[in-house]
Amino acid sequence: MSELTLTVMRLGFLAVLWLFVIVSIQVIRSDLFGTRVTQRTGRRADAQRPQQRSQPQRAQQGGGRRARGGGRNTPTKLVVSEGSLTGTTVALQGQTITLGRAHDSTIVLDDDYASSRHARIYPDRDGRWIVEDLGSTNGTYLDRTRLTTPTPIPLEAPIRIGKTVIELRK
Amino acid sequence: MSNLTTTGSNTTVSSGGLPSRRNTELAMLVFAVLIPIFAYANVGLAMNDRLPSGMLGYGFGLALLAGVGHLVVRRYAPYADPLLLPLATLLNGLGLVLIWRLDQSERLHQRAEDIFGAFTPDAPKQLLYSSIGLALFVAILLLLKDHRVLQRYTYISMAVGLVLLVLPVFFKPVNGARIWISVGSVNLQPGEFVKIIIAVFFAGYLMVKRDALALASRRFMGLYLPRGRDLGPILVIWGLSLMILVFETDLGTSLLFFGLFVIMLYVATERTSWIVFGLLLSAGGATAVASFEPHVQQRVQAWLDPMATYLKSKQGIPGYSEQAMQALWAFGSGGVLGTGWGQGNSDLIGFAANSDFILATVGEEMGLTGMMAFLMLYGLIVERGVRTALAARDPFGKLLAVGLSGAFALQVFVVAGGVMGLIPLTGMTMPFLASGGSSVIANWALIGILIRISDTARRPAPAPAPSPDAEMTQVVRP
């Protein structure tokens, strides 16, 4: 066999071996970088301002930052003030908070008068926190009024869900 | 109450509804079979100027093994990791080529005729062992529907493991180490199987005991010191591994056994202090044994000064081996790109050239580039194993997967480190590459169990039981 052929085969073999290694790493690439985390935006808020729908991600992040950044009247935490979870606080960090008896809710309510998916609280584009009833059986009350549409939450206004009352505080 | 709390040790990385990826596996398998066939052609052309006659036979045999393995995985473990089987097939195939290439060596023919009177090629035997290994792999996938069944055999596997570890003491030593069991004409190296059995025991044991080992401890200088009575198990295992070292003079099994325990203890408890203890104990133990055990002393000397050992061996002083130096020369003459298949002189190593020292052939004929690729292939198998452990949902599966991949990694480290002169040489074989029945069979079984765990781990989660949410919400009556 000619020297040239053998050299080509030798280098070719090394190339093929490394190609296998690289292809293997391509196969597991999804593992190495983890799954992509996408933030969901409030669907109703989108519907109200369709002209901005092309960049909901950025708007959402901006809203979250503003909410965290803490203007004078921006709440930083959610406090349960009545009900079996009294004293529980959840930091508001721009993420949607779901409330209900379902196990995958952010705050799992142990309350016979709450629905599985009762309500959610999310920041809108301007960083205001909005509470929305998710079609619950007994309704969500802000102060004394039963919610029918997503409503901005004033600071320290009681939100009543079954026997549970929550508030947003600074 | 609120599920915002994250539990430190029980976090699972979800695979997020991965597809089964069996077709990826098939494509990789085809690739993994073609590479060894290319290597066969290369060896034949380099050594005999023609395509080897056995090429089709070996290629077909390897493809058949891979095909059977793939079909069984597709049918019985559809969500398993797509890389474990191709990686194992590639390493096994390249091992077959390496052994076949050394079978072609005139020097080894001559040596075998001088010593044993006749030369028997090892490659056909290795192909037979590989098929037995694959049969065991298939049997595991067929019979072991759920790896958690193994948890029931925690203490039985401890007993079986100990018996297998102790048995070789009663057989005559082969080349200075008592690591063989001979029944009739069948020779077994139980250490290879023990690593799997002992991993099952450690996983079952640590799953139950890990809380006591992790939580009951005092903090001292940044380390968690375990209570005295919790040190019991690690001391027992340490004592046992030292006994293996003393009575079987087998550094490899001893290191594997103790290292595996320390790795699994660390993973189970998340306490760095166990690693520190493990390293201190093994260093102390090895030094103590090396001070009075001549076989271990020779290995250490050959490691510290291979050239002196080589010269003594050349002068015909018994008990000295020239292999360590020859292996280093083989690596050196390989350089960065290697001499090419079939053109090296690693057969000069003679004894154990195709088993313990097979990496020297890799290093000489494929050079640093090829050697690194081989180590990457081993690394990928270990990575897939650890990844399986991360994805596994049950603690037993997690620990078992870590244990098995840890044992595999330790074995690769001990052998590669020994041949390259990083640590003293031990009598272990490179998984899948080296000639030897026990090794290849046991490692196929190990891959089989890993594939079973990864199938369970990556299978889409069953729908959660609709327990309290199913109750009706009470309606407020005005």
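So, how was this worked out
- Residues numbered from 1 in each chain as written.
- Chains lettered and ligands numbered in written order.
- Predicted model: local features only at pLDDT ≥ 70, side-chain atom pairs only at ≥ 80, totals over all residues.
- Heavy atoms only, no water.
- Phe/Tyr/Trp six-rings, centres within 6.5 Å; stacked < 30°, edge-to-face > 60°.
- Helix = DSSP H or I, 4+ residues; strand = E, 2+ residues; numbered from the N terminus.
- Lys NZ or Arg CZ within 6 Å of the ring centre and 35° of its normal.
- Pairing = 2+ DSSP bridges.
- Axes fitted to C-alpha atoms, helices over the stretch in contact; angles between N-to-C directions.
- Parallel < 35°, antiparallel > 145°, perpendicular 65-115°, else oblique.
- Left-handed = near helix turned anticlockwise from the far one by under 90°.
- Contact = heavy atoms within 4.5 Å.
- Nonpolar A, V, L, I, M, F, W, Y, C, P; charged D, E, K, R; others polar.
- pLDDT = per-residue confidence, 0-100.

Bringing the packing of aromatic side chains into the picture now. Residue and element names in this part refer to chain B. Summed over the entire model, instances satisfying the criterion amount to 16 aromatic pairs over all chains. Aromatic pair Y155 and F201: ring centres 6.0 Å apart, planes at 65°, arrangement edge-to-face. With Y155 in helix α6 (residues 154-166) and F201 in helix α7 (residues 190-215), this pair connects stretches of sequence that are 46 residues apart. Note that R75 overlies the ring of Y76, its terminal NZ or CZ placed 5.1 Å from the centroid.

The next thing to look at is the sheet that holds strand β7 (residues 140-142) of chain A. Two strands in a sheet stick together by hydrogen bonds in their backbones, pointing the same way (parallel) or opposite ways (antiparallel). Residue and element names in this part refer to chain A. One open sheet holds the six strands; their spatial order is β2-β1-β11-β10-β7-β8, and the pairing between them is antiparallel. Sheet topology places β2 (89-91) and β8 (145-146) at the edges, where each strand pairs with a single neighbour. Two elements, β7 and β8, share two bridges in a ladder whose sense is antiparallel. Note that in β8 the partner of L142 across the bridge is T145.

This next bit is on the packing of helix α2 (residues 54-76) of chain B against helix α3 (residues 84-103) of chain B. For any two helices packed against each other, the geometry comes down to the angle between their axes and how far apart the axes lie. Residue and element names in this part refer to chain B. Where α2 contacts α3, the two axes come as close as 11 Å, and the packing angle between them is 160°. Considered as vectors, α2 and α3 are oriented roughly antiparallel to each other. In terms of crossing hand, the pair formed by α2 and α3 is right-handed. For the pair α2 and α3, contact is made by Y58, L62, A66, G69, H70 and V73 and by L85, T89, G93, L96 and W100, respectively. Residues belonging to the contact of α2 with α3 are distributed by class as follows: seven nonpolar, four polar and no charged.

Moving on, we come to the confidence of the model for chain A. Residue and element names in this part refer to chain A. Across chain A, the average pLDDT comes to 77, with 74% of residues at 70 or higher. Considering each helix and strand of chain A separately, the mean pLDDT is smallest for helix α4 (residues 56-69), with a value of 44, and largest for helix α1 (residues 3-27), with 91. Confidence over residues 42-70 falls short of pLDDT 50; this stretch has 38 contacts with residues more than four positions distant or in other chains.

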